[in-house]
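Chain residues, written in single-letter form:
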Amino acid sequence: MPDSPPLVEFKDVTKRYGPGPLVLDRISLEARTGDFISLIGPSGCGKSTLLRLIAGLSPVTSGSLRLGGPGSGAVAPELGFVFQEPALLPWLTVAKNVELAQRLAGRTAAQRTAAREQALARVGMSEHASYYPRQLSGGQKMRVSIARALTLSPEILLLDEPFGALDEMTRGRLNEELLALRGQQAWTAFFVTHSVAEAVFLSNRIVIMSAHPGRLHTEVPVDLPYPRTAETRLTPVYYELVATVSRLLRSVERAA
Amino acid sequence: MSRRLLKFLLPVVVGVLALLLWYYLHFAIVADNRFLLPRPDEILAAFTEHRTELLQAAANTAKGALWGFGLAVAVSFALALGLSLSPLVRVSFYPYLMILQMTPVIVFAPILVLWVGAGLKSVVVITFLICFFPLVVNTTQGLISTDRTLLELFRLYRASRWRELRLLRVPSALPYFFAGLRIAATLAPIGALVGDYTAGNSGNDGGGLGFLTLIYSSQAKYSALFATAAITCALGFIFVAGVVSLSWLALHRWHDSYERSDL
Ligand SMILES: Nc1ncnc2c1ncn2[C@@H]1O[C@H](COP(=O)(O)OP(=O)(O)OP(=O)(O)O)[C@@H](O)[C@H]1O
Ligand SMILES: [Mg+2]
């Protein structure tokens, strides 16, 4: 659908925090429904800031950022945000944490229960519904955090290094689970990561950023068909893309 | 000997040794002055003798302590909510709160009697003033220490300020609140006693433990005086135990200050 309006459209967006230095410089980027865009770049290049702008947690300084729903775009699309930390309320059980988004959105108790049970089942955490966050492992907490973000059926899912703190194996498994979830709920994703392998495995577009100020450096399309599985990581195309992106990233980091 | 048995026995041994030392000191004093350090059995006898008035006084003091404490909790919570609104509000009010805290309440006790009248009311006000400060400071600190990411989560879902307060800021302030409550609980019975000592006894209820302290020391009933101290001590234990239980109920399931159960 090349003619449909983009779901997220950055036009010459710049961002400063207060009187501080330029954090993002003339960002122009369009995301179409179904995109899985990974943002990768040196620390401090403004990846988190870019997500915060989309989420409306911080205003753009100049330029325009437009979020369109399907069709007219009059209604702001539903957003989900998965933070770097699981961001669970420690005094609530897993079940109540997953319900939180629904609760804040004013859904009825019946709706909440249904959405909660579905989301917990999807991330394989139904058995842990009555646990408190401190009783969970890092990977389990992240699953709960993702489940919460999915309960409102978001059109756009923003993920800020969600698996950064996890070991390689858990991260790999959660990557596969994340793609499986996307097969069930077709959200458009912005995914911040420092792992090239993760970016290649998940996305159809990888955006490499440079720092001081944050700019879009290069975009690399990932022509690997979905659904992707653990096998995908063994294909030559995958290897080559990892190598290409790593090289680009190194050149960006050397310039910084 | 097993460690557990040792853990149980050692405090008992220390207690027995302390008692022996007490008796030794009592008998070491020249016979004429032995009344200055009554023996535990004399104290117990004094308690039995003055049982009725001691328990009545303890009840009066407990009442004053409870009212002052409760009032301090309620008012300090409301004030902490206000103070948590903005740093500007805090810098405007904190210096005066500090002044209030540094002011020795006892100095005002005599005039307090003129303002609100002697007896329970004065005791309540003095207890309130003593408990108030640690509660305000701790609760405010708790309310402004909310995790930033969690606040952003609430903003993302466009939660109202009321919901943010009720579902996020107040629960995450609870550990701080209970820390303040624990301090206040140790202060409340002492505050009530001091209040009662200086401004108690409205005349019809016989006053509280502070008033009895005055009476017994003027009558040189030192055994009874020690019994009064013991009762105040017990009252303090009950207060602290109450708060510790409440705190356990509210926090043990999720807060890190309570060991995750490895049973
Ligand atoms: N709330 C804020 N106030 C002021 N400056 C900020 C704020 N948040 C971020 N910045 C600044 O903006 C720049 C970009 O920060 P951002 O967190 O977006 O980087 P990032 O690419 O996500 O880095 P990392 O990979 O380390 O997470 C940094 O220089 C940071 O100091
Ligand atoms: Mg970041």
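The structure presented is a predicted model; accordingly, all values stated were derived computationally and were not measured.

### Some remarks on the packing of helix 2 (residues 94–104) of chain A against helix 3 (residues 109–122) of chain A
For any two helices packed against each other, one specifies the crossing angle of their axes together with the interaxial distance.
Residues and elements named next belong to chain A.
Turning to step 1, where the next piece is worked out: At a minimum axis distance of 9 Å, the contact between helix 2 and helix 3 shows a crossing angle of 125 degrees. The pairing of helix 2 with helix 3 is recorded here as oblique in orientation. Considering how the two elements wind past one another, helix 2 and helix 3 form a crossing that is right-handed. Here Val94, Ala95, Val98, Glu99, Gln102 and Arg103 of helix 2 lie close against helix 3, whose contacting residues are Gln111, Arg112, Ala115, Arg116, Ala119 and Leu120.
Turning to step 2, where the next piece is worked out: A per-class count over the contact of helix 2 with helix 3 returns six nonpolar, two polar and four charged.

### So, the domain arrangement of chain A
Residues and elements named next belong to chain A.
Turning to step 1, where the next piece is worked out: Domain parsing of chain A yields domain 1 (6–77 + 158–255) and domain 2 (88–154).
Turning to step 2, where the next piece is worked out: Computed over C-alpha atoms, the centres of domain 1 and domain 2 are 25 Å apart.
Turning to step 3, where the next piece is worked out: Between domain 1 and domain 2, the contact holds twelve residues from the first and ten residues from the second.
Turning to step 4, where the next piece is worked out: Roughly 980 Å² of surface becomes buried between domain 1 and domain 2 when both sides are summed, with 62% attributable to carbon and sulfur atoms.
Turning to step 5, where the next piece is worked out: For the pair domain 1 and domain 2, the number of links is one salt bridge.
Turning to step 6, where the next piece is worked out: The interface formed by domain 1 and domain 2 includes three residue pairs in polar contact (both at pLDDT 80 or more).
Turning to step 7, where the next piece is worked out: Here the residues of the side of domain 1 that touches domain 2 sort into seven nonpolar, three polar and two charged.

### Description of the site of ligand 1
Residues and elements named next belong to chain A.
Turning to step 1, where the next piece is worked out: Inspection of the region around ligand 1 gives Tyr17, Val23, Ser43, Gly44, Cys45, Gly46, Lys47, Ser48, Thr49, Glu161 and His194 as its neighbouring residues.
Turning to step 2, where the next piece is worked out: At 3.2 Å, a backbone N or O of cysteine 45 approaches an oxygen atom of ligand 1.
Turning to step 3, where the next piece is worked out: Here ligand 1 has 640 Å² of accessible area as a free molecule, and 59% of this is covered by the chains.
Turning to step 4, where the next piece is worked out: Here the element with the most residues in the shell around ligand 1 is helix 1 (residues 47–55); it accounts for three residues.
Turning to step 5, where the next piece is worked out: Taken together, the residues that form the shell around ligand 1 break down as three nonpolar, six polar and two charged.

### So, the packing of aromatic side chains
All names here are of chain A.
Turning to step 1, where the next piece is worked out: A full pass over the atoms with the stated rule returns twelve aromatic pairs over all chains.
Turning to step 2, where the next piece is worked out: Residues phenylalanine 36 and tryptophan 187 carry aromatic rings whose centres are separated by 6.4 Å and whose planes lie at 55 degrees to one another, so their mutual orientation is tilted. Placement of phenylalanine 36 in strand 3 (residues 36–40) and of tryptophan 187 in the loop between helix 5 (168–184) and strand 7 (188–192) is noted, with a sequence separation of 151 residues between them.
Turning to step 3, where the next piece is worked out: Its relative accessible area of 0% is what places phenylalanine 36 among the buried residues.

### Some words on the interface of chain A and chain B
Turning to step 1, where the next piece is worked out: If you look at the interface, chain A gives 25 residues, while chain B gives 23 residues.
Turning to step 2, where the next piece is worked out: Buried surface at the junction of chain A and chain B, summed over both partners, amounts to about 2300 Å²; 62% is from carbon and sulfur atoms.
Turning to step 3, where the next piece is worked out: In terms of surface lost to chain B, no three residues of chain A exceed A:Trp91, A:Leu104 and A:Arg134, which account for 37% of the buried area on that side.
Turning to step 4, where the next piece is worked out: At the boundary of chain A with chain B, the tally comes to one salt bridge.
Turning to step 5, where the next piece is worked out: Note that B:Glu152 is salt-bridged to A:Arg52, the shortest N-O span being 2.1 Å.
Turning to step 6, where the next piece is worked out: Counting the contacts that link chain A with chain B gives ten residue pairs in polar contact (both at pLDDT 80 or more).
Turning to step 7, where the next piece is worked out: For the side of chain A that touches chain B, the elements supplying multiple residues, two or more each, are helix 1, strand 5 (79–82), helix 2 and helix 4 (138–150) of chain A.
Turning to step 8, where the next piece is worked out: Considering every element that reaches the side of chain A that touches chain B, the biggest residue donor is helix 2 of chain A, with four residues.
Turning to step 9, where the next piece is worked out: Among the residues making up the side of chain A that touches chain B, the classes are represented as 16 nonpolar, four polar and five charged.

Analysis parameters
Residues numbered from 1 in each chain as written. Chains lettered and ligands numbered in written order. Predicted model: local features only at pLDDT ≥ 70, side-chain atom pairs only at ≥ 80, totals over all residues. Heavy atoms only, no water. Axes fitted to C-alpha atoms, helices over the stretch in contact; angles between N-to-C directions. Helix = DSSP H or I, 4+ residues; strand = E, 2+ residues; numbered from the N terminus. Parallel < 35°, antiparallel > 145°, perpendicular 65-115°, else oblique. Left-handed = near helix turned anticlockwise from the far one by under 90°. Contact = heavy atoms within 4.5 Å. Nonpolar A, V, L, I, M, F, W, Y, C, P; charged D, E, K, R; others polar. Domains from an automatic or database assignment. Buried area = accessible area lost by both parts, 1.4 Å probe. Salt bridge = Lys/Arg side-chain N within 4 Å of Asp/Glu carboxyl O. Polar contact = N/O pair within 3.5 Å; in protein donor to acceptor, adjacent residues only side chain to side chain. Near = heavy atom within 4 Å. Areas by Shrake-Rupley, 256 points an atom, 1.4 Å probe, with all protein chains shown as cover. Phe/Tyr/Trp six-rings, centres within 6.5 Å; stacked < 30°, edge-to-face > 60°. Buried < 20%, exposed > 50% of the residue type's maximum accessible area, 1.4 Å probe, protein only.

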